[in-house]
Amino acid sequence: MDKSEIRTYIKDLINKNISTFSSSSRIICEKIIASEEYKAASEIFAYMALFDEVDLTDVIKQAIRDGKRVAVPKIISKDEGIMEFYYLDSQKALGEQTSGGAYGILEPDETLPASPNPNSHTLILVPGRAFTKDGARLGRGKGYYDRYLSKKRLPNVSIAGVCFNFQVLAEVPTDLNDIKMDLIFSNQTI
């Protein structure tokens, strides 16, 4: 299958499995929080989920309780496909510092720009349409994450794909611009 066919195939599976998303998201969040990568990280770069993605709210809240710095992305330019991450204020509720943004995704206030700290470990959690067990990723086709991650490849940064079990495929087509994940979190054992 080509990229377009995989996206259509995954969209059909999303429609068939949507009733399980809440419970599956909780399981995946528990796996992330229990992982060595999470425990080692002083910074968590997460995302605010669309209705068809793993909801990371539990990870975000736990990371803040654990004293980790948490950042979420904001689209800076749709035309150029640019996004940046911004830190959340641990003293404010999540709803007080996010609002509707590009593509209907909740985005953070732009007051605290974020970048992985070269002196500490950062875990970047990445959504996608499909992944392989060895870390290949197929996104939604706009390239935001690939552009961002291509500039953030530091030795202390772990990049993890986050998805539901039906989004893990034997193979997905990739090209030179597609950034490979270091690991995958899903509600199946990988």
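Residues numbered from 1 in each chain as written. Predicted model: local features only at pLDDT ≥ 70, side-chain atom pairs only at ≥ 80, totals over all residues. Heavy atoms only, no water.

Trainee: Even after reading the chapter, I still don't get the overall build of the protein chain, so can you show me in this structure?
Mentor: In terms of helices and strands, the protein chain carries 5 helices and 11 strands. Taking 190 residues into account, the globule formula puts the C-alpha radius of gyration at 16 Å, and the protein chain, at 16 Å, falls close to it. With respect to the three principal axes, the spread of C-alpha positions in the protein chain is 45 × 35 × 35 Å. A total of 190 residues make up the protein chain; the buried ones form 49% of that total. Contacts spanning at least 24 positions in sequence make up 72% of the contacts within the protein chain whose residues lie at least 6 apart. Put simply, the protein chain shows about 9500 Å² of open surface, and 48% of that area lies on carbon and sulfur atoms. Within the protein chain, one finds 24 positive and 26 negative side-chain charges whose respective centroids are separated by 1 Å. (Helix = DSSP H or I, 4+ residues; strand = E, 2+ residues; numbered from the N terminus. Rg over C-alpha atoms; globule rule 2.2 N^0.38 Å. Buried < 20%, exposed > 50% of the residue type's maximum accessible area, 1.4 Å probe, protein only. Contact = heavy atoms within 4.5 Å. Areas by Shrake-Rupley, 256 points an atom, 1.4 Å probe, with all protein chains shown as cover. Lys, Arg positive; Asp, Glu negative; His and termini not counted. Charge placed at Lys NZ, Arg CZ, Asp CG, Glu CD.)

Trainee: Looking at this structure, how should I read the pairing of strand S3 (residues 82-87)?
Mentor: On any regular strand, side chains alternate: one points to one face of the sheet, the next to the other face. Where strand S2 (residues 69-77) meets S3, 6 bridges bridge the pair, whose relative direction is antiparallel. When the sheet's bridge partners are listed, Pro 73 is paired in S3 with Phe 85. Here S2 folds back onto S3, and the loop between the two strands holds 4 residues, one of which, Gly 81, carries a positive phi near 65°. (Pairing = 2+ DSSP bridges.)

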